[in-house]
Amino acid sequence: MSGTSRRVDVVYFDEPGVQNTEETLRHAYRRAQELGVEDIVVASTIGETGLKACQVFKGFNVVVVRHHTGFRKPGIQEMKKELEEEILKTGGKILTASHAFSGVERSIRNKLGTAGMLTIIAETLRLFGEGVKVCVEITVMAADAGLIPVNRDVVAIAGTSRGADTALLIKPSHSNDFFNLTIREVIVKPRVK
């Protein structure tokens, strides 16, 4: 008895980085349209990628996940205020929360030099690239915040350092049900880390 299969286009970039942002968003949009996906989760530190995603995905539920306040410097939010305002004007939502794969565990690692289970999960996902790890992480964060449903697929978009170079189709889950999350498809990703 044979199962069904389907052929889908996957884009692999030769190099990671911000130069892939427009193409990543274009392919993510195409796949979301093909599948009828309504929810988009995108990582954006200063706001540029988040705003671009909001402009491309007009009419979608776009959740822009940024670093928590104090990520780099105590009390400082890295997202530019003017970009934050533009994201909100386009109808995008902004999520500011502790990272699902670090949070307090990062403080323990920095203080005691030990790696916990969340670090191991994050490093395992990084075997596929930084963007894959971030896509999974922001999806969990958005689900925990109630900004995306967990009963239908979402497109998650992230990058390596800045911009976007990775897009995945993900069946979300909450953090307390993490191992029910499924990476259904790779839409785009870099071939190298």
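Residues numbered from 1 in each chain as written. Predicted model: local features only at pLDDT ≥ 70, side-chain atom pairs only at ≥ 80, totals over all residues. Heavy atoms only, no water.

**What to know about the side chain of Thr24**
Move 1: Mapped onto the secondary structure, Thr24 falls in helix α1 (residues 21-35).
Move 2: Using a relative accessible area of 0% as the deciding quantity, one classes Thr24 as buried.
Move 3: Separated by 3.2 Å, the side chain of Thr24 and the backbone oxygen of Ala164 make a polar contact.
Move 4: With residues up to four places along the chain from it excluded, the contact list for Thr24 reads Phe13, Ile157, Ala164, Asp165, Thr166, Ala167 and Val188. (Helix = DSSP H or I, 4+ residues; strand = E, 2+ residues; numbered from the N terminus. Buried < 20%, exposed > 50% of the residue type's maximum accessible area, 1.4 Å probe, protein only. Polar contact = N/O pair within 3.5 Å; in protein donor to acceptor, adjacent residues only side chain to side chain. Contact = heavy atoms within 4.5 Å.)

**Describing the nonpolar core**
Move 1: The biggest cluster of nonpolar side chains holds 26 residues, and the ones touching the most others in it are Ile40, Phe57, Val62, Val155 and Ile157.
Move 2: In contact with Val62, other than residues within four places in its own chain, are Ile40, Val42, Cys54, Phe57, Gly92 and Lys93.
Move 3: Within the second largest apolar cluster, 25 residues are counted, among which are Val41, Leu95, Ala142 and Phe178. (Core = buried A, V, L, I, M, F, W, Y, C linked by side-chain atoms within 4.5 Å.)

**Points about the sheet that holds strand β2 (residues 39-43)**
Move 1: The strand order across the open sheet built from seven strands is β1-β7-β6-β5-β2-β3-β4, with neighbouring strands paired in mixed fashion. The outermost strands of the open sheet, each flanked by one partner alone, are β1 (11-13) and β4 (93-96). On average, adjacent strands in this sheet sit at an angle of 25° to one another, irrespective of strand direction.
Move 2: Where α1 meets the sheet, it contacts β1, β2, β5 (154-158), β6 (166-171) and β7 (182-190), and its direction lies at approximately 145° from that of β7. (Pairing = 2+ DSSP bridges. Axes fitted to C-alpha atoms, helices over the stretch in contact; angles between N-to-C directions.)

**Notes on the layout of surface pockets**
Move 1: One number sums up the size of the largest pocket: a volume of about 700 Å³.
Move 2: Along the wall of the largest pocket there are 36 residues; nearest its centre are Ala43, Thr45, His67, Val134 and Ser161.
Move 3: Broken down by secondary-structure element, the contributors of at least two residues to the lining of the largest pocket are α1, α2 (48-56), β3 (61-66), α4 (104-112), α5 (117-126) and α6 (130-144).
Move 4: Tallying contributions element by element places α6 first for the lining of the largest pocket, with six residues.
Move 5: Across the lining of the largest pocket, the residue classes break down as ten nonpolar, twelve polar and 14 charged. (1 Å grid on protein atoms, 1.4 Å probe; cavity = no way out; pocket = protein on both sides within 12 Å on 5 of 7 lines; lining within 4 Å. Points joined across faces, edges and corners; volume = space filled by probe spheres on them. Nonpolar A, V, L, I, M, F, W, Y, C, P; charged D, E, K, R; others polar.)

**Section: the side chain of His67**
Move 1: Locating His67 in the fold gives a position in the loop between β3 and α3 (81-89).
Move 2: Among the polar contacts made by the side chain of His67, one reaches the side chain of Glu78 at a distance of 2.7 Å.

**A closer look at unusual backbone geometry**
Move 1: A positive phi angle, near 75°, is found at Ser161, a position not held by glycine.
Move 2: Mapped onto the elements, Ser161 comes out in the loop between β5 and β6.
Move 3: Residue Ser161 is classed as exposed on the basis of its relative accessible area of 70%.

**A word on the pairing of β2**
Move 1: Judged by how many residues are buried, β2 sits mostly within the fold: five of five residues are covered.
Move 2: Of the two faces of β2, the one carrying Asp39, Val41 and Ala43 and the one carrying Ile40 and Val42 are both buried.
Move 3: Bridge count for β2 against β3 is five bridges, and the pairing is parallel. Opposite Ala43, over in β3, you have Val65 as the bridge partner.
Move 4: For the segment spanning β2, α2 and β3, crossover handedness is right-handed. (Right-handed = clockwise from strand over helix to strand, strands pointing away.)

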